[in-house]
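Fold and contact review
As a plain string of letters, each chain reads:
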Amino acid sequence: MADLPALADAFCATFGAAPWNEAWTDGSARAALSDLLATLRSAALVALDGGVCVGAVLGRDQVRASFLSHEVQEMFVRPERQRGGVGRALLDAHLAAAGARGVTNVSLLIQTPIEWLIKPFNPSGCE
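Model, not experiment: these values are computed from the prediction.

So, on to the packing of helix α1 (residues 4-16) against helix α2 (residues 26-38). Between α1 and α2, the least distance of the axes is 9 Å, while the angle of their chain directions is 115°. Judged by the twist between their axes, the crossing of α1 over α2 is right-handed. In this structure, α1 uses Leu-4, Pro-5, Leu-7, Ala-8, Phe-11 and Cys-12 to contact α2, whose residues at the interface are Asp-26, Ala-29, Arg-30, Leu-33, Ser-34 and Leu-37. Of the residues in the contact of α1 with α2, the class split is 9 nonpolar, 1 polar and 2 charged.

Here it is, written out as structure tokens:
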């Protein structure tokens, strides 16, 4: 993938910052993202601004007995661009593309309980 270096850079910038503070390296990010992109039925959408990757959504479709499901496996936006609508626009476009492929169910796991991050995905307030 030609955008893998830019994708890995944004991934490391996002998950290396608070609240995640994860120890991703360029090499480990490239390997993880390459593996995900090589997965059968993977789908990705990347947001670029002036050639710089500012965020992305990556996932994979899964065939079920009577429907097609999609699992969002990674979603990230550079810290300096968060809370500006990039993530919402990425997710909306990613899910619209999934719907166009026939996906009827979507799953997304949020690992860090950040109120402003969870609220858009959990409007009912369920825990």
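Turning our eyes to something else, we now look at the pattern of salt bridges. Counting across every chain of the model gives 5 salt bridges. Residue Asp-92 pairs with Arg-88 through a salt bridge whose shortest N-O separation is 3.1 Å. Placement of both Asp-92 and Arg-88 in helix α3 (residues 86-100) is noted, with a separation of 4 residues, approximately one turn of the helix. On the basis of relative accessible area, Asp-92 is assigned to the partly exposed category, the value being 41%. Using a relative accessible area of 38% as the deciding quantity, one classes Arg-88 as partly exposed.

With that out of the way, let us pick up the pairing of strand β3 (residues 68-77). In terms of strand pairing, strand β2 (residues 52-63) meets β3 through 9 bridges, oriented antiparallel. When the bridges of β3 are listed, Val-57 appears paired with Met-75. Counting the residues that bridge the hairpin from β2 to β3 gives 4 residues. Judged from the 5 bridges that link them, β3 and strand β4 (residues 103-108) form a sheet pairing that is parallel. The residue of β4 that forms the bridge with Glu-71 is Ser-107. Handedness of the β3-α3-β4 crossover: right-handed.

As a further point, take the packing of aromatic side chains. Scanning all chains against the criterion turns up 5 aromatic pairs. Aromatic pair Phe-11 and Trp-24: ring centres 4.7 Å apart, planes at 80°, arrangement edge-to-face. Highlighted residues: Phe-11 in helix α1 and Trp-24 in the loop between α1 and α2, separated in sequence by 13 residues. Between Phe-15 and Phe-76, the aromatic rings sit 6.1 Å apart at their centres with planes inclined by 65°, giving edge-to-face as the arrangement. A residue pair is termed long-range when its members are at least 10 positions apart, and Phe-15 in helix α1 and Phe-76 in strand β3 qualify at 61 residues.

Conventions adopted
Residues numbered from 1 in each chain as written. Predicted model: local features only at pLDDT ≥ 70, side-chain atom pairs only at ≥ 80, totals over all residues. Heavy atoms only, no water. Axes fitted to C-alpha atoms, helices over the stretch in contact; angles between N-to-C directions. Helix = DSSP H or I, 4+ residues; strand = E, 2+ residues; numbered from the N terminus. Left-handed = near helix turned anticlockwise from the far one by under 90°. Contact = heavy atoms within 4.5 Å. Nonpolar A, V, L, I, M, F, W, Y, C, P; charged D, E, K, R; others polar. Salt bridge = Lys/Arg side-chain N within 4 Å of Asp/Glu carboxyl O. Buried < 20%, exposed > 50% of the residue type's maximum accessible area, 1.4 Å probe, protein only. Pairing = 2+ DSSP bridges. Right-handed = clockwise from strand over helix to strand, strands pointing away. Phe/Tyr/Trp six-rings, centres within 6.5 Å; stacked < 30°, edge-to-face > 60°.

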